[in-house]
Amino acid sequence: MNPHRFLASLLLVAAPAVFAFEFKSVGAPSVILYDTPSPKGTKMYVAPRGMPLQVVSSYGDWVKVRDANGELAWTEARGLSARRNVIVRTPGAKVFAGPDENAQVLMTADKGVVLELVDPTALAWIRVRHRDGISGYVRSNDIWGL
């Protein structure tokens, strides 16, 4: 095999892992988001339990995170959980019984509704669970947190 072709193939296989985003959810009842990695920083807002956050970087016991609105802030890592949640970003997003627009609609979710991510490996249709127990599929472009 041509060494250049082998290297190109290897890079294509490794690329998704390199560019994958790390997401966590607020695991404590709530966490305070600050403008700096210190409790002496300015408090920006309080993030509620379950809210998904994208981890951008770490600094000691602190993590810099991005929320669904694109805002950057710092919070203590201990307040976050590895449990994955997503947030609905499209008003009236439908949760279907199967990964198909012709499947039965199980519920309609308003913008801002938090859903548990059941299958983090899916691409176009994402399997989710609502806190009321409804489990189904949403289109990936209707949610944030992947």
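Up top you'll find the structure we're talking about.
Throughout what follows, the structure given in this document is the object of discussion. (Residues numbered from 1 in each chain as written. Predicted model: local features only at pLDDT ≥ 70, side-chain atom pairs only at ≥ 80, totals over all residues. Heavy atoms only, no water.)

**Section: the packing of aromatic side chains**
Considering all chains together, one arrives at 4 aromatic pairs under this definition. On the basis of an interplanar angle of 85° and a centroid distance of 5.2 Å, the ring pair of Phe23 and Trp144 is categorised as edge-to-face. Residue Phe23 is located in strand E1 (residues 22-26), and its partner Trp144 is located in strand E14 (residues 143-144); the two are separated by 121 residues in the primary sequence. Relative to Trp125, the ring of Phe96 has its centre 5.4 Å away and its plane inclined at 85°; by these criteria the two rings are edge-to-face. With Phe96 in strand E9 (residues 93-96) and Trp125 in strand E12 (residues 125-129), the pair connects residues that are 29 residues apart, well separated along the chain. Since its relative accessible area comes to 19%, Trp125 is described here as buried. By way of ring pairs, the aromatic residues Phe21, Phe23 and Trp144 are connected into one cluster. (Phe/Tyr/Trp six-rings, centres within 6.5 Å; stacked < 30°, edge-to-face > 60°. Helix = DSSP H or I, 4+ residues; strand = E, 2+ residues; numbered from the N terminus. Buried < 20%, exposed > 50% of the residue type's maximum accessible area, 1.4 Å probe, protein only.)

**Here we look at the nonpolar core**
Looking at soluble globular proteins, one finds that nonpolar side chains tend to be buried together. Val86, Val88, Ala93, Val95, Met107, Ala109, Leu115, Leu117, Ile126, Val128, Val138 and Ile143 together form the largest nonpolar core, which totals 12 residues. Looking at this core, the elements that each hand over two or more residues are strand E8 (85-88), E9, strand E10 (105-109), strand E11 (114-117) and E12. Not counting residues within four places of it along the chain, the set of residues in contact with Val86 comprises Pro52, Val113, Val114, Leu115, Leu117, Val128, Ile143, Trp144, Gly145 and Leu146. Listed in part, the 11 residues of the second largest apolar core include Leu33, Val63, Val65 and Ala73. (Core = buried A, V, L, I, M, F, W, Y, C linked by side-chain atoms within 4.5 Å. Contact = heavy atoms within 4.5 Å.)

**Topic: empty space enclosed by the protein**
Tallied over the entire structure, the rule returns 1 cavity of 30 Å³ or more. Estimated volume of the largest cavity: approximately 30 Å³. Of all elements in the fold, only strand E5 (62-66) and strand E6 (72-76) reach the threshold of two or more residues within the lining of the largest cavity. The residue inventory of the lining of the largest cavity, partitioned by class, reads 6 nonpolar, no polar and 3 charged. (1 Å grid on protein atoms, 1.4 Å probe; cavity = no way out; pocket = protein on both sides within 12 Å on 5 of 7 lines; lining within 4 Å. Points joined across faces, edges and corners; volume = space filled by probe spheres on them. Nonpolar A, V, L, I, M, F, W, Y, C, P; charged D, E, K, R; others polar.)

**Comments concerning the pairing of strand E4 (residues 52-59)**
Where E1 and E4 come together, 4 bridges link them in antiparallel fashion. Counterpart to Phe23 in the pairing with E4 is Gln54. Sheet topology places E4 next to E5; 5 bridges connect them, and they run antiparallel. Residue Ser57 lies in a different strand from E5, and its bridge partner there is Lys64. (Pairing = 2+ DSSP bridges.)

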